[in-house]
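# Structural features, examined
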Amino acid sequence: MSKKVKGTAIGIDLGTTYSCAAIWLSRKKRVEIIPNEQGNRITPSCLAFNDSELLVGENAKNQIARNPANTVFDVKRLIGNRFSDPQVQNDMKMWPFKVMKGDSEKPSVVVEFKGEEKKFAPEELSAMVLKKMKETAELFLGKEVKNAVITVPAYFNNQQREETKEAGTRAGLNVLHLLNEPTAAAIAYGVDNLSDENWNKDKKTVLVFDLGGGTFDVSLLTISKKGVIEVKAVGGDTHLGGEDFDTSLINYCINEFKKKNTGVDIRGNPRALGRLKVACEKAKRDLSSTIFAPIEIDCLHEGIDFSTKISRAKFEELNATYFDKCIQLLEECLRDGNMKKKDVDEVVVVGGSSRIPKIQRMVEEFFDGKTLCRSLNGDKAVASGAAILAARLSGNDDDMKNDVVLLDVIPCSLGISVKVNGVSGNMDIIIPKNRSIPTSKKITLLVNQTRVDIIVYQGENAKVMDNILLGEFELTGLTLGPDRKSKIEVCFSLDTNGILLVSAEEISTRQRKSITITKI
Ligand code: ADP
Ligand code: MG
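The structure displayed is predicted, hence computed values, not measured ones. (Residues numbered from 1 in each chain as written. Chains lettered and ligands numbered in written order. Predicted model: local features only at pLDDT ≥ 70, side-chain atom pairs only at ≥ 80, totals over all residues. Heavy atoms only, no water.)

### A short note on the overall build of the protein chain
Our working definition: Secondary structure elements are defined from DSSP: runs of H or I of at least 4 residues count as helices, runs of E of at least 2 residues count as strands, and each element is numbered from the N terminus. For this measure, only C-alpha atoms enter the radius of gyration; the expected value for a globule follows 2.2 Å times N^0.38, where N is the number of residues. For each residue, the accessible area found with a 1.4 Å probe, counting protein chains only, is set against the maximum for its type, and the residue is called buried under 20%, exposed over 50%, and partly exposed in between.
Broken down by element type, the protein chain carries eleven helices and 28 strands. Relative to a compact globule of 520 residues, whose C-alpha radius of gyration would be 24 Å, the protein chain shows 25 Å and is just as compact. The principal-axis extent of the C-alpha atoms belonging to the protein chain is close to 85 × 55 × 50 Å. Among the 520 residues that make up the protein chain, the fraction classed as buried is 56%.

Take a look at the structure:
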């Protein structure tokens, strides 16, 4: 992290539903959130294609009901995933735009653009959002922006990170670092609070609870008075957030419409679904401050109006399973980090959906009535942390009052599958997720053949086909001992930059092979 780069560097929170860009202003000694052309500090991660142009952000979101099939959102739910992924298949049912199987199992979004059918890969679409954020920043700052720190959910795997980085590159940005979102929030929290006189401990344990539109991230970190941030555990779900709460409301409304109109189903009417989505999201937001929210849409389907009233209690009931899941994942993260509730000094809640009163109450109750830290601006904390790191990496941090140092953990488990005679088994985890880096681990294998293939995977599944292949190599001409076996020592070692070296050595002959994997 000591390399400095030339040129302006910003932080970008590339969210599922909203994106936000920020910059560290060294003269003013604070982070500035970059407003978009409408003056708003968050921009919908939304794209629209029409006969003459591409719209990005608010303009795209505002025309969704008129042009649903060519308005694309939720790209973060596609990036780095396979088309056949059950989650992708499930999400597709709710999207008014078309997704098809593209090259090498990847999903491809099909739209009509300038009168022609066009296909876009997820990273191309994310690149369009990032390009918009870059241009907005350039307009605001009055200079070219070359570099960026882009944030990703802590839970993102290698492929999802790779494609996010690729999107940055396609947008014309030099991606300085992909930073985990909760870590970014912790950096923002650290820089805001380190000089606080009430900071009476050497080290504080901070839990970041980030419930956004598409993802839920939870992270357990310690921040020392000197500014060292150490990630202890990360957890969450890449498919849990405000969009799911919207979907519950949409499904409820679809059923209400059916009940009131003797079985008439609006599914299959993209325009109606688009309008219902906008109305349900608004009702959901309103329910964070009121007890009842009306949903009224004229001529929703086949000329029939729709009108209903949702209570906050109904909304909470419809989403109870999701809310409980958040608490379960929170508990898991504490367990992974070997911490008890009482060890947590500060609970920092960020993300738009953490404004839901029930969620706040559940988190407070989980921590036995602890007051949550809401001093960080929920929507902007992640971008702020990214901007601070961007300034550090680009050498524009001379005036930063505290030196924030990052120590991270690996987000996904790393392991091997050993293939003897062409039979590939399950993956054995060598380095479990949440292990802090650098780290290394050795295991010994007994092989009863003269050849062995070592295949390196990343993921949490027992079956190799559900995990991500990182690389492979073989050892041949093995010497079998009197027991017809050869002993092989396999070593995984992961450095601070997340670069993995996997080596295998036959103990009797000292024959050794290894591979280096740079893209963890
Ligand atoms: P992401 O990072 O996933 O894009 P954000 O943190 O920007 O998400 O949060 C966006 C989500 O927060 C959306 O689903 C939005 O509907 C929801 N949201 C925003 N404000 C509120 C509110 N007042 N009450 C409930 N949900 C809200
Ligand atoms: Mg977010």
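### Thoughts on the domain arrangement of the protein chain
Under the convention used in this document: Domain limits in this description derive from either an automatic procedure or a database domain assignment. When two components associate, each loses some accessible surface as probed by a 1.4 Å sphere; the sum of these losses over both components is called the buried area. For salt bridges, the criterion is a side-chain nitrogen of Lys or Arg within 4 Å of an Asp or Glu carboxyl oxygen. Any pair of nitrogen or oxygen atoms within 3.5 Å is treated as a polar contact; in protein, a donor-acceptor pairing is required on top of that, and neighbouring residues in sequence qualify only through side-chain atoms on both sides. The residue classification treats Ala, Val, Leu, Ile, Met, Phe, Trp, Tyr, Cys and Pro as nonpolar and Asp, Glu, Lys and Arg as charged. All others, Gly included, are polar.
Domain boundaries assigned for the protein chain yield domain 1 (9–179 + 382–396), domain 2 (185–239 + 321–379), domain 3 (242–318) and domain 4 (414–517). Buried surface at the junction of domain 1 and domain 3, both sides included, amounts to about 980 Å², of which 62% is carbon and sulfur. The largest contributions to the domain 1 side of the interface with domain 3 come from Ala65, Arg77 and Met94, which together make up 44% of the buried area. Taken together, domain 1 and domain 3 are joined by two salt bridges. Linking Lys61 and Glu281 is a salt bridge whose minimum nitrogen-to-oxygen distance equals 3.3 Å. Counting the contacts that link domain 1 with domain 3 gives four residue pairs in polar contact (both at pLDDT 80 or more). Taken together, the residues of the side of domain 1 that touches domain 3 sort by class into seven nonpolar, one polar and four charged.

### Overview of the sheet that holds strand E7 (residues 71–72)
The cut-off we apply is this: Strand pairing is assigned whenever DSSP detects at least two bridges linking the two strands.
Spatial ordering of the open sheet is given by E6-E5-E7, a layout of three strands whose pairing is antiparallel. Every interior strand has two partners, whereas the edge strands, strand E6 (54–56) and E7, have only one. The pairing of strand E5 (residues 47–49) with E7 spans two bridges and is antiparallel. Paired with Ala48 across the strands is Thr71, a residue of E7.

### So, the sheet that holds strand E10 (residues 116–120)
Hydrogen bonds along the backbone pair up the strands of a sheet, which may run parallel or antiparallel. Going by this rule: To define axes, lines are fitted to C-alpha atoms, for helices over the stretch in contact only, and angles between the resulting N-to-C directions are given on a 0 to 180 degree scale. In this description, contact between two residues means that some pair of their heavy atoms is separated by no more than 4.5 Å.
The sheet built from three strands is open, its strands ordered E8-E9-E10 with antiparallel pairing. If you trace the sheet from one side to the other, it starts and ends with strand E8 (98–101) and E10, each paired once. If you compare each strand with its neighbour and ignore which way they point, the axes differ by 35° on average. Judged from the four bridges that link them, E8 and strand E9 (residues 107–113) form a sheet pairing that is antiparallel. Bridge pairing in E9 links Lys98 to Val110. Packing of helix H3 (residues 122–141) onto the sheet brings it into contact with E9 and E10, and relative to E10 it is tilted by some 95°.

### Digging into the environment of Ala22
Here Ala22 is to be found in strand E2 (residues 18–25). A sequence separation of 477 residues divides Ala22 from Ile499, and the C-alpha atoms of the two residues are 29 Å apart.

### Some words on the environment of Thr43
Structurally, Thr43 is set in strand E4 (residues 43–44). Along the sequence, Thr43 and Lys232 sit 189 residues apart, while their C-alpha atoms lie 31 Å from each other. Filtering out sequence-adjacent residues up to four positions away, Thr43 remains in contact with Thr17, Tyr18, Ser19, Asn36, Gly57 and Met133. At a separation of 3.0 Å, a polar atom in the side chain of Thr43 contacts the side chain of Asn36.

### Quick word on the side chain of Asp13
Worth spelling out the cut-off: Only four residue types enter the tally: Lys and Arg on the positive side, Asp and Glu on the negative side; His and the chain ends are excluded.
Turning to its location among the elements, Asp13 is positioned in strand E1 (residues 8–14). Of the side chains with opposite charge, Lys76 lies nearest to the buried Asp13, which makes no salt bridge, at 5.0 Å. Excluding residues within four positions of it along the chain, Asp13 makes contact with Tyr18, Ser19, Cys20, Thr151, Glu181, Asp379, Val382 and Ala383.

### Looking at the pairing of strand E24 (residues 452–458)
In terms of burial, E24 is a largely internal element, seven of the seven residues being buried. On E24, burial covers both faces: Val452, Ile454, Val456 and Gln458 on one face and Asp453, Ile455 and Tyr457 on the other are all buried. Across seven bridges, E24 lies against strand E25 (residues 468–475) in antiparallel orientation. Each bridged residue has a counterpart across the sheet, and for Ile455 the counterpart in E25 is Glu472.

### Here's the deal with the site of ligand 1
Applicable threshold: We define proximity as follows: a residue is near a molecule or strand when any one of its heavy atoms falls within 4 Å of that partner. Only the protein chains shown count as cover for residues, and the accessible areas themselves come from Shrake-Rupley with a 1.4 Å probe.
Lining the immediate environment of ligand 1, one finds 17 residues, of which Thr17, Gly213, Glu281, Lys284 and Ser288 sit closest. Taking Ser288, its side chain carries an N or O atom lying 2.6 Å from a nitrogen atom of ligand 1. About the coverage of ligand 1: the protein hides 93% of its 580 Å² of free accessible area. It is helix H7 (residues 270–286) that contributes the most residues to the shell around ligand 1, three residues altogether.

### Brief notes about the nonpolar core
How we decide: To qualify as a nonpolar core, a set must consist of buried Ala, Val, Leu, Ile, Met, Phe, Trp, Tyr and Cys residues joined through side-chain atoms within 4.5 Å.
The biggest cluster of nonpolar side chains holds 48 residues, and the ones touching the most others in it are Leu207, Phe209, Leu276, Ile295 and Phe367. Looking at which domains feed residues into this core, each of domain 2 (185–239 + 321–379) and domain 3 (242–318) gives three or more. Residue contacts for Leu207: discarding those within four places in its chain leaves Val218, Ser219, Leu220, Leu330, Leu334, Val344, Glu346, Val347, Val348 and Phe367. Counting 46 residues, the second largest nonpolar core, distinct from the first, contains Ile12, Val109, Met133 and Val152.

### Some details on helix H4 (residues 158–170)
Which entries qualify depends on this criterion: Working rule for helices: expected span equals 1.5 Å times residues minus one.
In a regular helix each residue adds 1.5 Å, so 13 residues correspond to 18 Å; H4 covers 18 Å between its end C-alpha atoms and thus fits that length. As for H4, its buried residues are in contact with E1, H3, strand E11 (145–152), strand E12 (174–180), E24 and E25. If you check the start of H4, you find a side-chain oxygen 3.0 Å away from the backbone N of Gln159, and it comes from Asn157. Phi for Gly172, located one or two positions after H4, is positive at around 85°.

### Quick look at the packing of aromatic side chains
To describe a pair of aromatic rings, one takes the distance between the centres and the angle between the planes. Cut-off, in case you're wondering: What counts as a ring pair is set by centres within 6.5 Å for rings of Phe, Tyr and Trp (its six-membered ring), and what kind of pair is set by the plane angle: stacked under 30 degrees, edge-to-face over 60, tilted for all other angles.
Taken as a whole and assessed by the stated rule, the structure comprises ten aromatic pairs. Ring centres of Phe315 and Phe323 lie 6.2 Å apart, and the angle between their planes is 65°; this geometry places the pair in the edge-to-face category. The burial state of Phe315 is the same as that of Phe323; both residues are buried. On the numbers, 5.0 Å between centres and 85° between planes, the contact of Phe366 with Phe367 is edge-to-face. There is no split in this pair, since Phe366 and Phe367 are both buried. Three or more aromatic residues joined by ring pairs form one cluster here, namely Phe245, Phe315, Tyr322 and Phe323.

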